[in-house]
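Take a look at the letters that make up each chain.
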Amino acid sequence: TLTLRGGSAGQSQVVWNGIPLNAPTLGLLDLSTLPTSNAGRVQFINRGQGAAVGSGAVTGSLHLLHRPQDRGWELQNRFGQFGTWLTSGQIHLGETLQSSTSWQWRQSRNNFPYTPGGSTETQLLPHAAAQALDLQQHFYGGKGSFFWRSHAWFQTDQRNIPPTRFQQRSVAQQSSQNLRLNTFA
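Note that the structure is a prediction, hence the values are computed from the model and not measured.

J.: Looking at this model, I keep getting lost on the overall build of the protein chain. Mind explaining?
T.: Helix and strand content of the protein chain: one helix and twelve strands. Secondary structure elements of the protein chain, listed N to C terminal, follow the sequence β-β-β-α-β-β-β-β-β-β-β-β-β. The proportion of buried residues among the 185 residues of the protein chain is 34%. Put simply, of all contacts in the protein chain between residues at least 6 apart along the chain, 51% involve residues at least 24 apart. Per element, the accessible surface of the protein chain, about 11,300 Å² overall, is 55% carbon and sulfur.

J.: Would you explain the environment of Asp134 in this entry?
T.: Looking at where Asp134 falls in the secondary structure, it is placed in strand E10 (residues 130-143). In this structure, the C-alpha to C-alpha distance between Asp134 and Ser102, residues 32 residues apart in sequence, is 8.1 Å. Contacts of Asp134, omitting those with residues within four sequence positions, involve Thr33, Pro35, Ser102, Trp103, Gln104, Arg106, Trp153, Phe154 and Gln155. A polar side-chain atom of Asp134 sits 2.6 Å from a polar atom in the side chain of Arg106.

J.: Help me understand the pattern of salt bridges in this model?
T.: Any two side chains of opposite charge can pair, on the condition that their charged atoms come close. Going through the model one piece at a time under the given rule, you end up with one salt bridge. Close ionic contact of Arg106 with Asp134 constitutes a salt bridge, the shortest N to O distance being 2.6 Å. One end of the pair, Arg106, is in strand E7 (residues 98-108); the other, Asp134, is in strand E10, with 28 residues separating them in the sequence. On the basis of relative accessibility, which here comes to 15%, the residue Arg106 falls in the buried class.

J.: Explanation requested: the nonpolar core in the structure shown.
T.: Soluble globular proteins tend to pack their nonpolar side chains together in the buried interior. If you look at the biggest cluster of nonpolar residues, it comprises eleven residues: Leu2, Leu4, Val14, Trp16, Ile19, Leu21, Leu29, Leu34, Leu62, Leu64 and Trp153. Mapped onto this core, the elements with two or more residues apiece are strand E1 (12-16) and strand E4 (60-65). Once residues lying within four places of it in the same chain are set aside, the contact partners of Leu64 are Val15, Trp16, Asn17, Leu34, Ala39, Arg41 and Val42.

J.: Explain a nonpolar patch on the surface here, please?
T.: On the surface, a nonpolar cluster with roughly 470 Å² of combined accessible area is contributed by Trp73, Leu75, Ile91 and Leu93. Where the nonpolar patch is concerned, the elements lending two or more residues are strand E5 (72-80) and strand E6 (84-93). Among the structural elements, Ile91 can be located in strand E6. Given the relative accessible area of 38%, Ile91 is considered partly exposed.

J.: Just checking my understanding: could you explain the side chain of Ser170 for this structure?
T.: Structurally, Ser170 can be placed in the loop between strand E11 (146-160) and strand E12 (173-184). Within the local environment of Ser170, its side chain forms a polar contact with the backbone oxygen of Ile161, the two atoms lying 2.7 Å apart. In this structure the side chain of Ser170 is engaged in a polar contact, spanning 3.2 Å, whose partner is the backbone nitrogen of Ala172. Sequence-distant contacts of Ser170, defined by excluding residues within four places in its chain, comprise His127, Ile161, Pro162 and Pro163.

J.: Looking at this structure, I do not really get unusual backbone geometry. What am I missing?
T.: Negative phi characterises most residues that are not glycine, and trans characterises most peptide bonds. The residue Asn110 is not glycine, and still its phi comes out positive at about 55 degrees. One can find Asn110 in the loop between E7 and strand E8 (113-114). Of note, His127 is a non-glycine position whose phi angle comes to about 50 degrees, a positive value. Secondary-structure assignment places His127 in the loop between strand E9 (123-124) and E10. By relative accessible area, His127 is classed as partly exposed at 25%.

J.: For this particular structure, what's the right way to read the packing of aromatic side chains?
T.: When we look at a pair of aromatic rings, we describe it by the centre distance and by the angle of the planes. Using the criterion set out here, one finds four aromatic pairs in the structure. Aromatic pair Trp16 and Trp153: ring centres 4.9 Å apart, planes at 55 degrees, arrangement tilted. With a gap of 137 residues between them, Trp16 in strand E1 and Trp153 in strand E11 connect regions that are remote in the sequence. There is no split in this pair, since Trp16 and Trp153 are both buried. Taking the centre distance of 6.0 Å and the plane angle of 70 degrees together, the rings of Phe82 and Phe112 count as edge-to-face. In this pair, Phe82 is assigned in the loop between E5 and E6 and Phe112 in the loop between E7 and E8, connecting sequence segments 30 residues apart. The exposure class assigned to Phe82 is partly exposed, which follows from its relative accessible area of 33%.

Rules behind the numbers
Residues numbered from 1 in each chain as written. Predicted model: local features only at pLDDT ≥ 70, side-chain atom pairs only at ≥ 80, totals over all residues. Heavy atoms only, no water. Helix = DSSP H or I, 4+ residues; strand = E, 2+ residues; numbered from the N terminus. Buried < 20%, exposed > 50% of the residue type's maximum accessible area, 1.4 Å probe, protein only. Contact = heavy atoms within 4.5 Å. Areas by Shrake-Rupley, 256 points an atom, 1.4 Å probe, with all protein chains shown as cover. Polar contact = N/O pair within 3.5 Å; in protein donor to acceptor, adjacent residues only side chain to side chain. Salt bridge = Lys/Arg side-chain N within 4 Å of Asp/Glu carboxyl O. Core = buried A, V, L, I, M, F, W, Y, C linked by side-chain atoms within 4.5 Å. Patch = residues over 30% accessible without salt bridge, like charges linked within 9 Å, V, L, I, M, F, W, Y side chains within 5 Å. Phe/Tyr/Trp six-rings, centres within 6.5 Å; stacked < 30°, edge-to-face > 60°.

As structure tokens, then:
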């Protein structure tokens, strides 16, 4: 979550290309679910933004912006501890009408070692894997003083919920899907 200037996480807003991302129920956002490799520009505003981006931005806001780019492509792969793997890519096309497609796939087994309370035996955390897919499509166009842009973002993720200290095993899972669309002229 994002907390600014001593406020709570519900008083800080995260915005993607003009769309507030904080959940409408609690006003929170898990920053670990954001595909930052697809953000062309990150802007941090450390003051109240209620009039500009909504009532959730009392203490400030974090803006993720996509910029139109020249034609080309990019591919990244990253690997880390505990079965973590991230791959992302972008394809940019067009001159007068520009199109940009980007994706990011993240997965992690999250099987890190820990020592349960009251025990001296180290165990691997069971049933804690997580995976997510982000797809973004951007269109830009215009002539003279008229310029428009359109953005779409689809996100799906699934997380296994590990057992609590008092459970032997867990089969609980959490999944979510989001689709965000906007057009500006």
